[in-house]
Amino acid sequence: MPRANRYMLPGYVYHLTHRCHDRGFLLRNAKDRDGYREWLREGIHRYKVMVFGYAITRNHVHVLVEANDPSAVGKLMHLAAGSVVRPFNHRRDRSGAFWEDQYQATIVQTDSHLLNCLCYIDLNMPRTGAVAHPEDWKWCGYHELVGVRRRYRLVDLERLLEALGGLDVATFQRRYAQLITSRLA
């Protein structure tokens, strides 16, 4: 399979997706999803990448990012993806591919497209039937976006609100929760 084109420009928002090998459920254990999220958090701080949303599912991940240095996005994904593989393979005494291919990157416009992408990512697990609402899946950005999770956050809410046109936090949180509820209906 040819490599994905990941020509990235500074200051743009990208929707990143990364699938497990053969679409396998290699992230089915909470320990592995927690590990991925922790390495993602480490990479955010290390490489100065802004995350607007994320979902770590059982067989793939979504990350919505913006970076002033596009090479930082690749470093972030390499760190998170590579760091979760070693302990997984060690615990299971396995070797071989964990990820299907390189991560995919799609540019996202900072308007309603950005808001729709956030909803798409947070509604990933409800769409599969794994949970009824994003609030029931702790490995997504929903809790941070609506203000429930305040510690160990990945989402740069302040920068996201700037990208969405400068809404205040309380208004955005209320509207986002309502938007998710309406899309679930």
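Presented here is an overview of the structure given in this document.

Definitions and limits used
Residues numbered from 1 in each chain as written. Predicted model: local features only at pLDDT ≥ 70, side-chain atom pairs only at ≥ 80, totals over all residues. Heavy atoms only, no water. Helix = DSSP H or I, 4+ residues; strand = E, 2+ residues; numbered from the N terminus. Expected span 1.5 Å × (residues − 1). Buried < 20%, exposed > 50% of the residue type's maximum accessible area, 1.4 Å probe, protein only. Contact = heavy atoms within 4.5 Å. Patch = residues over 30% accessible without salt bridge, like charges linked within 9 Å, V, L, I, M, F, W, Y side chains within 5 Å. Areas by Shrake-Rupley, 256 points an atom, 1.4 Å probe, with all protein chains shown as cover. Salt bridge = Lys/Arg side-chain N within 4 Å of Asp/Glu carboxyl O. Core = buried A, V, L, I, M, F, W, Y, C linked by side-chain atoms within 4.5 Å. Disulfide = S-S within 2.5 Å. Phe/Tyr/Trp six-rings, centres within 6.5 Å; stacked < 30°, edge-to-face > 60°. Lys NZ or Arg CZ within 6 Å of the ring centre and 35° of its normal.

**Quick look at helix H1 (residues 30–47)**
Each α-helix turn comprises 3.6 residues. Residues three or four places apart therefore point the same way. The end-to-end C-alpha separation of H1 is 25 Å, in line with the 26 Å expected for 18 residues at 1.5 Å each. Turning to H1, its buried residues are Asp32, Arg33, Tyr36, Arg37, Leu40, Arg41, Gly43 and Ile44. Phi turns positive one or two residues past the end of H1, at Lys48, with a value near 60 degrees.

**Here we look at the side chain of Arg41**
One can find Arg41 in helix H1. Once you skip the residues sitting within four places of it in the chain, Arg41 turns out to touch Tyr152, Arg153 and Leu154.

**Some details on a nonpolar patch on the surface**
Together, Tyr7, Leu9, Tyr12 and Ile107 give the surface a local cluster of nonpolar side chains, amounting to about 420 Å² of exposed area. Within the secondary structure, Ile107 is located in strand S4 (residues 104–108).

**Re the nonpolar core**
What tends to happen in soluble globular proteins is that the nonpolar side chains get buried as a cluster. Residues Leu16, Phe52, Leu64, Val65 and Tyr176 are the most contacted members of the largest nonpolar core, which totals 50 residues. Among residues more than four places away in sequence, those in contact with Leu64 are Val13, Tyr14, His15, Met50, Val51, Phe52, Gly53, Val108, Leu114, Cys117, Leu118 and Ile121.

**Focus: the pattern of salt bridges**
One pass over the structure, following the stated rule, counts five salt bridges. Salt-bridge contacts for Arg41 lead to Glu38; the nearest nitrogen and oxygen are separated by 2.8 Å. Pair noted here: Arg41 and Glu38 are both in helix H1, with a separation of three residues, about one helical turn. Overall, Arg41 belongs to the buried group, its relative accessible area being 18%. On the basis of relative accessibility, which here comes to 41%, the residue Glu38 falls in the partly exposed class. Taking the shortest distance from any N to any O, the salt bridge between Glu66 and Arg159 comes out at 2.7 Å.

**So, the side chain of His133**
Relative to the elements of secondary structure, His133 occurs in the loop between helix H4 (124–128) and helix H5 (142–145). Given a relative accessible area of 13%, His133 falls into the buried group. For His133, the residues in contact, after removing those within four places along its chain, are Pro126, Tyr142, Ile180, Thr181 and Leu184.

**Digging into the state of the cysteines**
Enumeration according to the criterion identifies zero disulfides in this entry. Distance from the sulfur of Cys117, which forms no disulfide, to the nearest cysteine sulfur (Cys119) is 9.4 Å. Given the relative accessible area of 8%, Cys117 is considered buried. Its relative accessible area of 0% is what places Cys119 among the buried residues.

**Points about the packing of aromatic side chains**
Aromatic ring pairs are defined here through the distance separating the ring centres and the angle between the ring planes. Applying the stated criterion across every chain yields a total of three aromatic pairs. Consider the rings of Tyr142 and Tyr176, whose centres lie 6.2 Å apart with planes at 40 degrees: the pair is tilted. Here the residue Tyr142 occupies a position in helix H5, and Tyr176 occupies one in helix H7 (residues 169–184), the gap between them amounting to 34 residues. When sorted by exposure, Tyr142 lands in the same class as Tyr176, which is buried. When the ring of Phe172 is compared with that of Tyr176, the centres are 5.5 Å apart and the planes differ by 20 degrees; the resulting orientation is stacked. With Phe172 and Tyr176 both in helix H7 and four residues apart, the pair spans about one turn of that helix. Here Phe172 matches Tyr176 in class, with each residue buried. One cation-aromatic arrangement involves Arg33 over Trp139; the distance from NZ or CZ to the ring centre is 3.9 Å.

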